[in-house]
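Residue-level structure breakdown
Spelled out, the chains give:
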Amino acid sequence: MQPDAEFIHEPAPGHPGWFTWTLDDDTRFNAVGLGPMIIRREGARSARVRLLDLERRHSNMHGNVHGGVTLAFVDVAMFATMFSVLGAQVSGSVTLDLHNQFIGAGQIGEPMDVLCEVMRETGRLVFLRGSVEQGDRLVSSFLGTLRKPSVR
């Protein structure tokens, strides 16, 4: 199922049970700023999104994952979760708010996961919450709201 032609959501080679989450235009932010991501459903209302390659370009002056990278990843993961869990169209959707608490430092060189849960869906809004994790380490927790696209 791929209602958004510009998103590529298909089985991820080398990652059984996971699907790709990327744009077919590799000049956009998701590809340039973040890199390859994969996603899998975890339960009826949740998904896990994984950022595969955290490199030096993702680091801050302390050699950890830059907070802006973490926030951008959470933002993208909320849209991926909305698509995966609800089957909702994400093109034309926008982030209304994103509240994040940094809890620990993300490490360069290992995958980073966002575990995201849909709390409620209304006619126009999707409310989500989740955490950013690396292995057994908690990096941040968040709440966010997405507005679905206008019907025209």
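The coordinates are above.
All of the points below concern the structure found in this document. (Residues numbered from 1 in each chain as written. Predicted model: local features only at pLDDT ≥ 70, side-chain atom pairs only at ≥ 80, totals over all residues. Heavy atoms only, no water.)

**Digging into the nonpolar core**
- Grouped together as the largest cluster of nonpolar side chains are 35 residues, with contacts concentrated most on Trp21, Leu34, Phe73 and Val114.
- Those elements that provide at least two residues to this core are strand 4 (37–41), strand 5 (46–51), helix 2 (67–86), strand 7 (112–121), strand 8 (125–134) and strand 9 (137–147).
- At 12 residues, the largest contribution of residues to this core is made by helix 2.
- Those residues within four positions of Leu34 in sequence are excluded, and the remaining contacts are Phe29, Leu51, Asp53, Arg57, His58, Val69, Ala72, Phe73 and Val76. (Core = buried A, V, L, I, M, F, W, Y, C linked by side-chain atoms within 4.5 Å. Buried < 20%, exposed > 50% of the residue type's maximum accessible area, 1.4 Å probe, protein only. Helix = DSSP H or I, 4+ residues; strand = E, 2+ residues; numbered from the N terminus. Contact = heavy atoms within 4.5 Å.)

**Points about the sheet that holds strand 9**
- Pairing in this open sheet of 7 strands is antiparallel, and the strands run 2-4-5-7-8-9-6 from one edge to the other. The sheet is open, and its two edges are formed by strand 2 (19–20) and strand 6 (94–102), each paired on a single side.
- Bridge count for strand 5 against strand 7 is 6 bridges, and the pairing is antiparallel. The residue bridging Ser46 from the neighbouring strand is Glu117, located in strand 7.
- This element, helix 2, spans strand 4, strand 5, strand 6, strand 7, strand 8 and strand 9 of the sheet and lies at about 125 degrees to strand 6. (Pairing = 2+ DSSP bridges. Axes fitted to C-alpha atoms, helices over the stretch in contact; angles between N-to-C directions.)

**Some details on the packing of aromatic side chains**
- Taken as a whole and assessed by the stated rule, the structure comprises 2 aromatic pairs.
- Taking 4.7 Å as the distance between ring centres and 20 degrees as the angle between the ring planes, the aromatic pair formed by Phe7 and Trp21 counts as stacked. In this pair, Phe7 is assigned in strand 1 (residues 7–8) and Trp21 in the loop between strand 2 and strand 3 (22–23), connecting sequence segments 14 residues apart. In this pair, the class of Phe7 matches that of Trp21, namely buried.
- Note on Trp21 and Phe83: the rings are 5.2 Å apart at their centroids and 45 degrees apart in plane angle, and the pair reads as tilted. Pair noted here: Trp21 is in the loop between strand 2 and strand 3 and Phe83 is in helix 2, with a separation of 62 residues, a long-range link. Assigned by exposure class, Trp21 and Phe83 land together as buried. (Phe/Tyr/Trp six-rings, centres within 6.5 Å; stacked < 30°, edge-to-face > 60°.)

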